[in-house]
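# Geometric and topological summary
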Amino acid sequence: MCGIIARVGNGGALEELMAGLENLEYRGYDSAGIAIQSGGTIEVCKREGETSELRAALEGRSLPGNSGLGHTRWSTHGRPSDANAHPHTDCQNRVAVAHNGIIQNHGSLRAELRERGHRFESETDTEVVPHLIAEELDLGMSPEAAFRAAVDRLEGSYALAVTIDSTETVFATRHGSPLVLGVGYDATYVASDAPAFLDFTDTVVYLEEDDYVAIAPDGYRITDASGTPLERPVESINWDAGDAQKGAYSHFMRKEIDEQPVALRQALEGRIEDGTATLEQFPPGSLSDIEHVVFVACGTSYHAAMYGSVLLRRAGVTATVARSNEFAYDPTPLDDRTLVIAVTQSGETADTLAALRVAAGSPSRTLAVTNVVGSTAAREADHSLFIQAGPEIGVAATKTFSSQVATLALLAGRFVADRDSGGDSTDRIGRVLDGLDRLPAAVETVVGSAGPEALAREFSDASSYFFLGRGVGYPVALEGALKFKEITYDHAEGFAAGELKHGPLALVTEDTVIVAVFTGRHDEKTLHNVREAQSRGASVIGVGPESAVAARDTVEEYLSVPALEPELVGVLANVHLQLLAYHAAAIRGRSIDKPRNLAKSVTVE
Ligand code: AGP
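Cut-off values and rules
- Residues numbered from 1 in each chain as written.
- Predicted model: local features only at pLDDT ≥ 70, side-chain atom pairs only at ≥ 80, totals over all residues.
- Heavy atoms only, no water.
- Pairing = 2+ DSSP bridges.
- Helix = DSSP H or I, 4+ residues; strand = E, 2+ residues; numbered from the N terminus.
- Axes fitted to C-alpha atoms, helices over the stretch in contact; angles between N-to-C directions.
- Near = heavy atom within 4 Å.
- Polar contact = N/O pair within 3.5 Å; in protein donor to acceptor, adjacent residues only side chain to side chain.
- Areas by Shrake-Rupley, 256 points an atom, 1.4 Å probe, with all protein chains shown as cover.
- Nonpolar A, V, L, I, M, F, W, Y, C, P; charged D, E, K, R; others polar.
- Buried < 20%, exposed > 50% of the residue type's maximum accessible area, 1.4 Å probe, protein only.
- Contact = heavy atoms within 4.5 Å.
- Core = buried A, V, L, I, M, F, W, Y, C linked by side-chain atoms within 4.5 Å.
- 1 Å grid on protein atoms, 1.4 Å probe; cavity = no way out; pocket = protein on both sides within 12 Å on 5 of 7 lines; lining within 4 Å.
- Points joined across faces, edges and corners; volume = space filled by probe spheres on them.
- Disulfide = S-S within 2.5 Å.
- Right-handed = clockwise from strand over helix to strand, strands pointing away.

Moving on: the sheet that holds strand 23 (residues 492–496). Spatial ordering of the open sheet is given by 23-22-24-25-26, a layout of 5 strands whose pairing is parallel. Edge positions in the open sheet fall to strand 23 and strand 26 (557–561), since each of these has one partner strand only. Ignoring strand direction, the axes of neighbouring strands in this sheet form an average angle of 20°. Pairing of strand 22 (residues 464–469) with strand 23, which is carried by 5 bridges, proceeds in the parallel orientation.

Lining the immediate environment of the ligand, one finds 14 residues, of which Ser301, Thr344, Ser346, Thr349 and Val395 sit closest. Serine 346 places a side-chain nitrogen or oxygen 2.6 Å from an oxygen atom of the ligand. Between the ligand and lysine 483 there is a distance of 2.9 Å, counted from an oxygen atom to a side-chain nitrogen or oxygen. For the ligand, whose unbound accessible area comes to 410 Å², protein coverage reaches 91%. Partitioning the shell around the ligand into residue classes produces 5 nonpolar, 7 polar and 2 charged.

Here we take up helix 5 (residues 143–152). For an α-helix, 3.6 residues make a turn, and residues three or four places apart therefore share a direction. Burial analysis of helix 5 places 7 of its 10 residues in the buried class, which makes it a mostly covered element. Within the span of helix 5, buried status applies to Glu144, Ala146, Phe147, Arg148, Ala149, Ala150 and Val151. In the core, the buried residues of helix 5 are packed alongside helix 4 (128–138), strand 7 (156–164), strand 8 (170–175), strand 12 (212–216) and strand 13 (219–223).

In this section: the nonpolar core. General note: in soluble globular proteins, nonpolar side chains tend to be found buried as a group. Core analysis: the biggest nonpolar cluster contains 88 residues, and Val293 and Leu411 have the highest contact counts within it. Ranked by residues supplied to this core, first place goes to helix 18 (residues 566–587) with 13 residues. With residues up to four places along the chain from it excluded, the contact list for leucine 411 reads Leu279, Phe282, Leu287, Leu312, Ile341, Leu367 and Leu385.

On to empty space enclosed by the protein, then. All told, the structure shown has 3 cavities of 30 Å³ or more when counted by the stated rule. For the largest cavity, the calculated volume is near 90 Å³. For the largest cavity, the lining is made up of 15 residues, of which Cys2, Trp74, Thr76, His86 and Gly101 are closest to its centre. Of the residues forming the lining of the largest cavity, the biggest block, 3 residues, is contributed by strand 6 (residues 95–103). Looking at side-chain class alone, the lining of the largest cavity contains 4 nonpolar, 9 polar and 2 charged residues. Here the second largest cavity is characterised by a volume of approximately 60 Å³. Lining the second largest cavity are Leu455, Ala456, Phe459, Ser460, Tyr465, Phe484, Val513, Val515, Ile541, Leu580, Ala584 and Arg588.

What follows concerns the state of the cysteines. This structure, assessed with the given rule, holds 0 disulfides. In this structure cysteine 2 is a free cysteine whose sulfur lies 18 Å from that of cysteine 298, the closest cysteine sulfur available.

Strand 17 (residues 292–297) sits mainly inside the fold: 5 of its 6 residues count as buried. Looking at chain direction, strand 17 and strand 18 (residues 318–323) are connected through 6 bridges and run parallel. Looking at strand 18, one finds that valine 293 is bridged to alanine 319. Between the parallel elements strand 17 and strand 18, the chain passes through helix 8 (residues 299–314) in a crossover that is right-handed. One ladder, built from 5 bridges, connects strand 17 with strand 19 (residues 338–344); its direction is parallel. Of the residues in strand 19, the one forming a bridge with valine 293 is leucine 339.

Before going further, it helps to spend a moment on helix 10 (residues 350–360). Looking only at helix 10, the buried set comprises Ala350, Asp351, Thr352, Leu353, Ala355, Leu356 and Ala359. Against strand 17, helix 9 (324–327), strand 19, strand 20 (365–370) and helix 11 (376–380) lie the buried residues of helix 10.

Structure (structure tokens):
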């Protein structure tokens, strides 16, 4: 969590840093701050709250200077406040630091620094860093050497950007937290994520773990921990700056829901030929030795992984799903015939990276299914498969879920082809691949539907919202509930439809709304579960195919989706659930793109 940006170049740094922070705000929005270096002094301005508070605080202040850094925070140590906002400085304001990550040994460092007379202004782990650098400067070290010496003392995870009053050069490094370099015509940037500087350049260098970079007015220099110069490839990023802007939409979430047909077309483009999935990373035969698949993921990506595991099992592959944050504590046996698939939109989720690293230490092969080229997951896994959804800024994941499922469906197609499974599984997955072709157009009809908004109004007073589903409808029910609680703050839970009667039914009253997902497969069983809830007074919203007559006749309200292969109907139903959550949150006046206490990319365990 947290977003950092630094910028050195021609022209004032302030406006570019502010624009960068606004584009990074999805990573944290408890507080924000900037530090500008000019003529041997560092000016810092920081405020609790969103970047708009920082902008207001900067109103009328002139902060000249071509070099500086900024931070937007998601609190880990110390509550959100002006004092805990980054950048943090040393006692004499000679050094300012922006940090993403957690410094584990900050307690002992703080104690020893205090003993040597340093005063601390915040409760953060980060504040030890400027004091450590200042001590090294006092010993006569150069700014770069002082930065390196201080970093040598740190344990934990960090992406750090540091400005020092005696130089325009900004120093940065990464260890366990992301950092990408942006190479512009007039300026060089370093940031947690490329959207921070996409308005200014699309030329990037993905920094590797423990790389150091010095960005100066005349360019940049990358070195390893011992100071040896490194060459890193310079790449062009194919995300458009406009993709990371809201445009005419009031929320990124709504924009990203609407973008799903395009995102799906991008995910599928060129990847199905003559009814066979063709994945550049997996040439024919490359999966033939795999007997088991183990997914690791969190949150929405976990639900996409669950969905993918159903598809793989229908392809005849033994597939299980583990929550990344439990994987290290309850490890699944891994052998050389197992493929561990990390599903992660950002590619930076600390829990999922930890699980991936456990797998990397086993005989199994690893695959990252991610949206971010150059992300840590993509670089650390043996293989990577990109979902090609374009940037997703809203904290609530929407289009990336659909694109993850579509990509995993392609992988299921690759498995049946490689394993030469024949029979039912080949036919089933063949139909899914055919259906994928029609999926983007089908999603297009759902995103335009007015039904979810009307139902969000009709049922806005319920005390709880229970989401039920079976087969691929089960992960969709879990995802529907996650989206609903995440942005409305109302109580919402997802259940396997058949599980309701084993306990949760005790909670069902006439104030409960049941949202039941139908897919066109085993719907009669789900209808039994629906009737069990109805007889306790609950109202039921059904979501499923137009053709599910029995379901439509049984429930109070129905959101229909176009006819499609049952394995893909879940993706369509999920779009209705995204819209239901979106409108319910809008009615309640919630902060839809930045829900309380959350952040887009969770880079702490
Ligand atoms: C869901 O809306 C959330 N943004 C969250 O659950 C997210 O899916 C989870 O934190 C995993 O993120 P990742 O896909 O970037 O790994």
